[in-house]
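Spelled out from the first residue to the last, the chains are:
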Amino acid sequence: MGGHIAAIKAEMDNSETRQRIMRALEARWRGGYAVGSIKPGYTRVPTTPATDREPARGPFRDQKNAKWTTVIWRAHEMIAAKDPPWVVAKYLAESGLPKSPRARLKEWTVENVIRFIRDPIYRGEELYKVRHNEKKFRLGKSVQVPTPPDQILRRQMPHLAHVPRWLWEASNRAIDERNTNKNAKNGKEHQLHGIPLDSRGAISQLFFCSICRAKMYRNPECYHCANSRSQPNLKRQGDQRCWNRCTPSTRTVHENLANAIVGALLAQEGCFGALCAEVVRLRVRQAEHEQVQAEIERLVAQNQVDVPLPTPDDMRLILRDVKAKLLGDFGREVGPLLRRLIDGKILAVPYKLFDRNSVHLLAHFTLNLLGLLPDQWPQLLGDRATQEEITELAETRSVPMVVDLFKRPPRVANAPTVYTMVQGGLTIRETARRLGLPETTANRAYRTGKAMTEQGLEDAYVMVESMPKRPGRWRPHSNRPDVFDVT
Ligand SMILES: [Zn+2]
């Protein structure tokens, strides 16, 4: 009973907390105290300084750090003189002007410089509540929206000015003039509105559903076919939902693809030597035809750019670099490399375990080994790929790949090995000990292997060509009729 009353009281006490915090912050703003994080070029001074027993206590006031005035002045002058922001970013980094302590990156970026130049505090005016939070009840969270100009709080702080007003206006005008899109769309009209920032990754232009050819959409946790959800705002033909409802985990997809590609490239390491030799031979042949064919002159012109000839050592370096890139965090910067290495698309193809009802995805794609060579080379070979001499080469340069986008259960992964070992005369217990598996798993693996052999299957996973009956663990997304209910 006591706990219940305490809970009611806590709720009453906490119901106005947000307003109380906002009120305190606004009072601080009106009193001329610091609100928000500290800006570059200022120091924050507490009202009650620290003693040897107590830390410093707020409210705090900002003071101009005159040490940085020349640097800030110079940065405004450079922008006003139409220097590109990256030059200014370099200048600020070299001058040592520290960014806000809350900054995520230590280095000055172009965006930082523009925001820094745009900030009116450097001409002695401070703004507060330029954006505010608005509750979105449909999402159950708040989003930041721009405040109408007449509701933005302003205060004149001439003692904080690092540059005169005319210079600030000159530099800001220079940024305005750089902007060629005068009617930039904001908010809901913006073309990227509603698309999460983390939905675009390294394979966002490569990864597609094999059933309906829609994009495999990336959530923070998983990928899914963009057509498989019941959301009405997705554009799809005839309002047909895709039955491919697999949601492979983002992490597994990235790990497995990266490992498979790196493995395939390393396995092909010897073939790069042959590729290099072939290109050298082709070049010599071109020299013979030089005077005859005008079309070849174009190629020769490209040749005069002098394509560097990678030695086997160079190739090893390139491979090591690619390996480090792919096995790293697989961020969006890997995208261009993957688009060069992969011919066409990565298709997410549904497969079914032969003795279960669950559906999993495997990736089908073609790896193009020439993508690894310096840019001009693939073009050189591609233009002359019709010649018989290099037909063979053209075939070896593409490697078809099939990659699991899930983790195989141990009993399936070990099935062939265990079955062969037991057929070879070992007991299941001994096999389990040698493979470091639990005995139950080895037992199941043996039975799986046996069933596979009886059914004449090479692989435990079989491609699913048409819509299955409702596969295990796939439930309707809503109360509305489902693709699986329609049939
Ligand atoms: Zn689909």
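Please read all numbers here as calculations on a predicted model, not as lab measurements.

1. Things to note about the overall build of the protein chain
Counting its secondary structure elements, the protein chain contains 18 helices and 13 strands. Residues classed as buried in the protein chain amount to 21% of the 487 residues present. Partitioning the contacts of the protein chain with sequence separation of at least 6, the portion at a separation of at least 24 is 65%.

2. Details of the packing of helix 16 (residues 428-435) against helix 17 (residues 439-455)
Between helix 16 and helix 17, whose axes approach to 9 Å, the crossing angle comes to 115°. If you check the angle between helix 16 and helix 17, you find them roughly perpendicular. Where helix 16 crosses over helix 17, the two elements pack in a sense that is right-handed. Each of I428, R429, T431, A432 and L435 in helix 16 lies in contact with helix 17, whose residues at this interface are E439, A442, N443 and Y446. Grouping the amino acids of the contact of helix 16 with helix 17 by side-chain chemistry returns 5 nonpolar, 2 polar and 2 charged.

3. Let's talk about the nonpolar core
The biggest cluster of nonpolar side chains holds 36 residues, and the ones touching the most others in it are F207, M216, L338, I346, A348 and A363. If we skip the residues at most four places from it in the chain, A348 touches F207, F208, C209, S210, M216, L361, A363 and L405. With 16 residues, the next largest nonpolar core counts I79, W108, V113 and I117 among its residues.

4. Focus on the packing of helix 5 (residues 110-118) against helix 6 (residues 165-178)
Interhelical geometry of helix 5 versus helix 6 gives an angle of 135° and a closest axis separation of 9 Å. By the angle between their directions, the pair helix 5 and helix 6 is classed as oblique. Considering the relative orientation of helix 5 and helix 6, their crossing is left-handed. Residues I114, I117 and R118 of helix 5 form the contact with helix 6, whose own contacting residues are S171, N172 and I175.

5. Some details on helix 15 (residues 415-423)
Within helix 15, the full set of buried residues consists of A415, V418, Y419 and M421. Here the buried residues of helix 15 occupy an arc of 165° about the axis, which is enough to place them on one side. Where helix 15 is buried, its residues contact helix 14 (410-413), helix 16 and helix 17. Positioned one or two residues after helix 15, G425 has a phi angle of 110°, which is positive.

6. Some words on unusual backbone geometry
Residues G58 and P59 are joined by a peptide bond in cis, for which omega reads -5°. Relative to the elements of secondary structure, P59 occurs in strand 2 (residues 57-64). Positioned with a positive phi, K82 is a non-glycine residue whose angle comes to about 70°. Relative to the assigned elements, K82 resides in the loop between helix 3 (69-80) and helix 4 (85-95). With 11 C-beta atoms counted inside 10 Å, the residue K82 sits in the exposed group.

7. Focus: the confidence of the model for the protein chain
The predicted model of the protein chain averages 83 in pLDDT, with 83% of residues at 70 or higher. Taking the mean pLDDT of every element in the protein chain, the minimum, 54, falls on helix 9 (residues 294-304) and the maximum, 95, on helix 3.

Rules behind the numbers
Residues numbered from 1 in each chain as written. Predicted model: local features only at pLDDT ≥ 70, side-chain atom pairs only at ≥ 80, totals over all residues. Helix = DSSP H or I, 4+ residues; strand = E, 2+ residues; numbered from the N terminus. Buried ≥ 20, exposed ≤ 12 C-beta atoms within 10 Å, placed from the backbone. Contact = placed C-beta atoms within 7 Å. Axes fitted to C-alpha atoms, helices over the stretch in contact; angles between N-to-C directions. Parallel < 35°, antiparallel > 145°, perpendicular 65-115°, else oblique. Left-handed = near helix turned anticlockwise from the far one by under 90°. Nonpolar A, V, L, I, M, F, W, Y, C, P; charged D, E, K, R; others polar. Core = buried A, V, L, I, M, F, W, Y, C linked by C-beta atoms within 7 Å. Arc of directions from axis to C-beta. pLDDT = per-residue confidence, 0-100.

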